[in-house]
Amino acid sequence: MTTLEHDFIEFALKARVLRFGEFKTKAGRLSPYFFNAGLFNTGSLLDRLGAFYAKKILEKRESGELQFDMLFGPAYKGIPLVASIAINLSRLGLDLPWAFNRKEKKDHGEGGTIIGSPLMGRVLIVDDVISAGTSIRDSIAIIPAGVAIALDRMEKGGNAEEVTETSAVQDVEKTFSIPVVSIANLTNLLEFLKSGSDAAQEFTSHTEAVTAYRNRYGA
């Protein structure tokens, strides 16, 4: 686990965006943890979240794993994300155009569904997570170069009783032949819980439940 991944998990826990307990997922599974990016709901939290995305995206761009010309945030959670990421990338010396969509088409004003920069070249889609890949599939007409998310749950598809062979992230990568990068993933979360650091000690009691969940549903 890198320093960036460790710091992001600590940040998400302190912000109460990443929580432990018992949460029912859309698939009907009882998960021992939950990540709600909507709770990055102050200016400072959103700015710092964008900084984590920007560092990871720039790292992957410089390594050649991601090549893109602009950013796109699918409605709705992707809209504040793409703005924050674009600002933070510009602070790091990479000033890129960005856009987002709205789900309802307007016939007045500028019209259409795309707001911001005209879509052009290779587009990096940014979102909070990939659960079923729906927003990615809805955006696929824009010729994406990749997808960046906050947390990869590394969880197989299906429901509480049946599981698929691969995760939603793996499905998107395979179906569209594009890379999906995350700031952190479930492996990093378990490494954090087992690290013995001062920041992790408050949460180590949840390690067994998260491990059991991964053993059952992990991709």
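You'll find the structure just up there.
Counting restarts for each chain: residues are numbered from 1 in the order of the written sequence. Only residues with pLDDT of at least 70 are given local features in this predicted model, and only at 80 or more are side-chain atom pairs given and counted; all residues enter the totals for whole chains, interfaces and linings. Side-chain metrics in this entry use all non-hydrogen atoms of the structure; hydrogen atoms and water are not considered.

Asker: Honestly, helix 3 (residues 78–91) in this entry has me stumped. Any pointers?
Answerer: Counting along an α-helix, one turn takes 3.6 residues, and residues three or four places apart therefore face a common direction. Every helix listed is a DSSP run of H or I at least four residues long, and every strand listed is a run of E at least two residues long, numbered separately from the N terminus. Here the expected length of a helix is defined as 1.5 Å per residue gap, with one fewer gap than residues. With 14 residues, helix 3 ought to run about 20 Å at 1.5 Å a step, and its terminal C-alpha atoms sit 20 Å apart, in line with that. Per-residue accessibility, obtained with a 1.4 Å probe over protein chains only, is compared with the maximum for each type, and a residue is labelled buried under 20%, exposed over 50%, and partly exposed between these values. Among all positions in helix 3, only G78, L81, V82, S84, I85, A86, N88 and L89 are buried. Directly beyond the C-terminal end of helix 3, a positive phi value near 95° is found at G93.

Asker: Teacher, can you tell me more about the packing of aromatic side chains here?
Answerer: Note on aromatic pairs: each is described by the distance of the centres and the angle between the planes. Any two rings among Phe, Tyr and Trp, with Trp reduced to its six-membered ring, count as a pair given centres within 6.5 Å; such a pair is stacked if its planes are under 30 degrees apart, edge-to-face if over 60, and tilted if neither. Scanning the entire structure with this criterion turns up eleven aromatic pairs. Aromatic side chains F8 and F52 sit 5.3 Å apart centroid to centroid with 70° between the ring planes, which places their arrangement in the edge-to-face category. A residue pair is termed long-range when its members are at least 10 positions apart, and F8 in helix 1 (residues 3–14) and F52 in helix 2 (residues 43–62) qualify at 44 residues. Exposure class is identical for F8 and F52. Each is buried. Members of the aromatic cluster, connected to one another through ring pairs, are F8, F11, F35, F40 and F52. Over the ring of F68 we find R61, and its NZ or CZ is 5.3 Å from the ring centre. The rule for a charge over a ring is simple: NZ of Lys or CZ of Arg within 6 Å of the ring centre, and within 35 degrees of the ring normal. When the ring centre of Y33 is taken as origin, the NZ or CZ atom of R153, which lies over that ring, is 4.3 Å away.

Asker: How should I be thinking about the side chain of R29 in this particular structure?
Answerer: Here R29 is to be found in the loop between strand 1 (18–24) and strand 2 (30–35). A contact between two residues is defined here by any heavy atoms of the two lying within 4.5 Å. Here R29 is in contact with F23, K24, E155, K156, G157, G158, N159, A160, E162, V163, Y213 and Y217, once residues within four sequence places are set aside.

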